[in-house]
Amino acid sequence: MIKDIRDKAHISHEDIIELNFIRKPGAYVFRKYHKQGLRSQIMEVLDPDDVIKQNTGEITNGILFFPWAMPLKMLRIFRTRFDSLTDVFEEIRKLKIIEKYLPSDSYAKSDEFIVDYIWNGNRDFILCGLQEYVAGEILNPWETIGINQLGNLFADIRINRPNSLKMTPERLIAKFQKRVENFIKCVKKMILETSIVPDFAGLENLIITYQGDIKLVDINNISRVSFGPEIRLDDKGYPVCDKSIEAISILEQKLLDRPIDKTETLYKIFLDPQRMKEVSVLEEKFHRSLKLRNS
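### Quick word on the overall build of the protein
- Each helix and strand counted, the protein has eight helices and twelve strands in total.
- Expected size for 295 residues packed as a compact globule is a radius of gyration near 19 Å; at 21 Å, the protein falls within 12% of this value.
- In terms of its C-alpha atoms, the protein occupies a principal-axis envelope of roughly 60 × 55 × 40 Å.
- Of all 295 residues assigned to the protein, the portion counted as buried reaches 46%.
- For the protein, the accessible area works out to roughly 15900 Å², and carbon and sulfur atoms hold 53% of it.

The following block contains the structure:
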């Protein structure tokens with residue numbers, strides 16, 4: 001019996017090429033991405049020639065080395081079972097809102113598509129996405145990130161990736177801060193006007209690119225925002241709306257090196273001390289539940 005791809009905890013290249021909607025023989029190699037989302041299976045799409053070089057090595061200037069096969073794209077297979085195509089299109093519509101509000105260089109581009117999925121005589125439709133691969137360093141809002149850390153990061157980029165960008169670390173920091181400032185402004189506008197928020201709280205959802213940009217890579221985890229006293233939880237029981245807005249406030253303080261204005265509508269509501277205490281309790285409850293599920 002073939003297990004539903006959406007229910008598998010881990011998938012491999014073999015799992016992908018056995019899917020009825022994947023062309024055979026395949027033109028690509030699929031490699032499990034180190035991070036698997038709660039809402040989607042994520043696989044790297046690789047050039048077979050690059051995989052061969054990675055496994056057997058190649059000689060450059062008389063030296064044998066094994067270059068890492070860089071993904072061409074990222075394949076996402078949604079775990080969600082949608083009740084109707086209307087629900088699928090609603091999911092895609094939320095992605096289009098991100099494309100409308102956020103700067104085009106601040107999120108990983110993705111082509112969404114719906115496939116007819118057949119397994120064990122069953123038939124269903126699945127939402128998938130073929131997403132841009134973004135190279136860079138993880139931007140974790142919950143870690144200490146300041147001007148000094150950015151300076152060290154961009155100095156390392158210039159040394160280790162000299163062809164990435166011909167800019168001094170100081171100019172790179174200034175460029176990055178402008179991108180962050182515009183990104184945060186657009187995010188706030190999107191939340192206030194559409195009542196949706198992407199997940200900024202996840203540990204690997206934001207990337208600092210080697211060109212000095214900030215990019216949202218988890219573009220599919222989008223939640224509705226409640227501006228009332230209710231603390232909205234996602235389908236996994238996590239207070240993602242509140243934590244995402246808190247993450248944005250942290251990035252604004254640390255990356256722009258300035259205090260936030262707590263009289264702003266979003267911060268006044270979601271950074272209220274009592275509300276944040278209640279969110280912390282819900283967050284701890286979520287992590288306890290997650291630990292039990294994984295034990």
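### Points about the environment of L255
- In this structure, L255 sits in helix 6 (residues 240–256).
- Judged by its relative accessible area of 0%, L255 falls in the buried class.
- L255 sits 74 residues away from E181 along the chain, and the two C-alpha atoms are 8.8 Å apart.
- Ignoring anything within four residues of it in the chain, the contact list for L255 reads L139, I145, I147, L150, F176, Q177 and V180.

### Brief notes about the packing of aromatic side chains
- Scanning the entire structure with this criterion turns up six aromatic pairs.
- For the ring pair W68 and Y133, a centre distance of 6.3 Å and an interplane angle of 55° mean the geometry is tilted. Note that W68 is positioned in the loop between strand 4 (63–65) and strand 5 (73–78) and Y133 in the loop between strand 7 (122–132) and strand 8 (136–138), a separation of 65 residues in sequence.
- For W68, a relative accessible area of 46% corresponds to the partly exposed category.
- Aromatic pair Y238 and F286: ring centres 4.9 Å apart, planes at 55°, arrangement tilted. Placement of the pair is Y238 in the loop between strand 12 (222–224) and helix 6 and F286 in helix 8 (residues 273–294), with a sequence separation of 48 residues.

### Observations regarding the pattern of salt bridges
- For the structure shown, the criterion picks out 25 salt bridges.
- A salt bridge links E44 to R31, with the shortest nitrogen-to-oxygen separation between them at 2.4 Å. With E44 in strand 2 (residues 40–46) and R31 in strand 1 (residues 29–32), this residue pair connects regions lying 13 residues apart in the sequence. Accessibility classification places E44 together with R31 in one group, the buried group.
- For the salt bridge of D116 with R123, the shortest nitrogen-to-oxygen distance reads 2.5 Å.
- Taking relative accessible area as the criterion, R123 reaches 60% and is therefore assigned exposed.
- A single salt-bridge network, built from bridges that share partners, covers D4, R6, D7, R81 and D124.

### Considering the nonpolar core
- With 50 residues, the main nonpolar core has L102 and F200 as its most contacted residues.
- Within the residue set of this core, elements represented by two or more residues are helix 3 (85–101), helix 4 (147–160), helix 5 (169–194), strand 9 (196–198), strand 10 (206–209), strand 11 (214–216), helix 6 and helix 7 (265–270).
- With ten residues, the top contributor of residues to this core is helix 5.
- If near-sequence neighbours (up to four positions away) are discounted, F200 is found in contact with P141, F183, V187, L206, L216, S244, A247 and I248.
- By size, the runner-up hydrophobic cluster in this structure holds 15 residues, among which are I5, I16, F30 and C128.

### Considerations on the packing of helix 5 against helix 6
- At a minimum axis separation of 10 Å, helix 5 and helix 6 run at an interaxial angle of 155°. Relative to helix 6, the element helix 5 lies roughly antiparallel. For helix 5 against helix 6, the interelement crossing comes out left-handed. Residues F176, Q177, V180, E181, I184, V187, K188 and I191 of helix 5 form the contact with helix 6, whose participating residues are I245, I248, L251, E252, L255 and L256.

### Structural notes on the environment of I98
- Assignment of secondary structure puts I98 in helix 3.
- For the pair I98 and P198, spaced 100 residues apart in sequence, the C-alpha to C-alpha distance is 8.2 Å.
- The residues touching I98, leaving out its near neighbours within four places in the chain, are Y107, M190, P198, L216, I219 and I222.

### Observations concerning the pairing of strand 10
- Burial of the side chains of strand 10 extends over both faces: L206 and I208 are buried on one face and I207 and T209 on the other.
- For strand 8 and strand 10, the ladder comprises three bridges, and the chain directions are antiparallel. Looking across to strand 10, one finds that E137 is bridged to I208.
- Note that strand 10 and strand 11 share three bridges and pair antiparallel. Each bridged residue has a counterpart across the sheet, and for I207 the counterpart in strand 11 is K215.
- The turn linking strand 10 back onto strand 11 is made up of four residues, and G212 within it adopts a positive phi angle of 90°.

Cut-offs and rules
- Every residue gets a number counted from 1 within its own chain, in the order that chain's sequence is written.
- pLDDT decides what is reported in this predicted model: residues at 70 or higher carry local features, side-chain atom pairs at 80 or more are listed and counted, and totals for whole chains, interfaces and linings draw on all residues regardless.
- Values reported for side chains reflect all heavy atoms of the structure, with hydrogen atoms and water molecules removed beforehand.
- Think of it this way: any DSSP run of H or I at least four residues long counts as a helix, any run of E at least two long counts as a strand, and we number them from the N terminus.
- The globule rule used here is 2.2 Å times the number of residues to the 0.38 power, and the radius of gyration it is set against is calculated over C-alpha atoms.
- Partly exposed describes any residue whose relative accessible area lies between the buried limit of under 20% and the exposed limit of over 50%, with all areas from a 1.4 Å probe on protein chains only and scaled to the type maximum.
- In these tables, accessible area is a Shrake-Rupley quantity obtained with a 1.4 Å probe, and a residue counts as shielded only by the protein chains included in the view.
- The contact definition used throughout considers only heavy atoms, calling two residues in contact when any of these lie within 4.5 Å.
- When two rings of Phe, Tyr or Trp (its six-membered ring) have centres within 6.5 Å they constitute a pair, described as stacked for plane angles under 30 degrees, edge-to-face for angles over 60, and tilted for the intermediate range.
- Note on definitions: salt bridges are taken to be side-chain nitrogens of Lys or Arg within 4 Å of carboxyl oxygens of Asp or Glu.
- Each nonpolar core is a collection of buried residues, namely Ala, Val, Leu, Ile, Met, Phe, Trp, Tyr and Cys, held together in the definition by side-chain atoms within 4.5 Å.
- Angles run from 0 to 180 degrees between N-to-C directions of axes, and those axes are lines fitted to C-alpha atoms, restricted for helices to the stretch in contact.
- With respect to orientation, any angle under 35 degrees is reported as roughly parallel, any angle over 145 as roughly antiparallel, any angle of 65 to 115 as roughly perpendicular, and every other angle as oblique.
- Here a crossing is taken to be left-handed if its near helix is turned anticlockwise relative to the far helix by less than a right angle, and right-handed if that turn runs clockwise.
- Any two strands with at least two DSSP bridges between them are considered paired.

Functional significance is not addressed by these values, which are geometric in nature.
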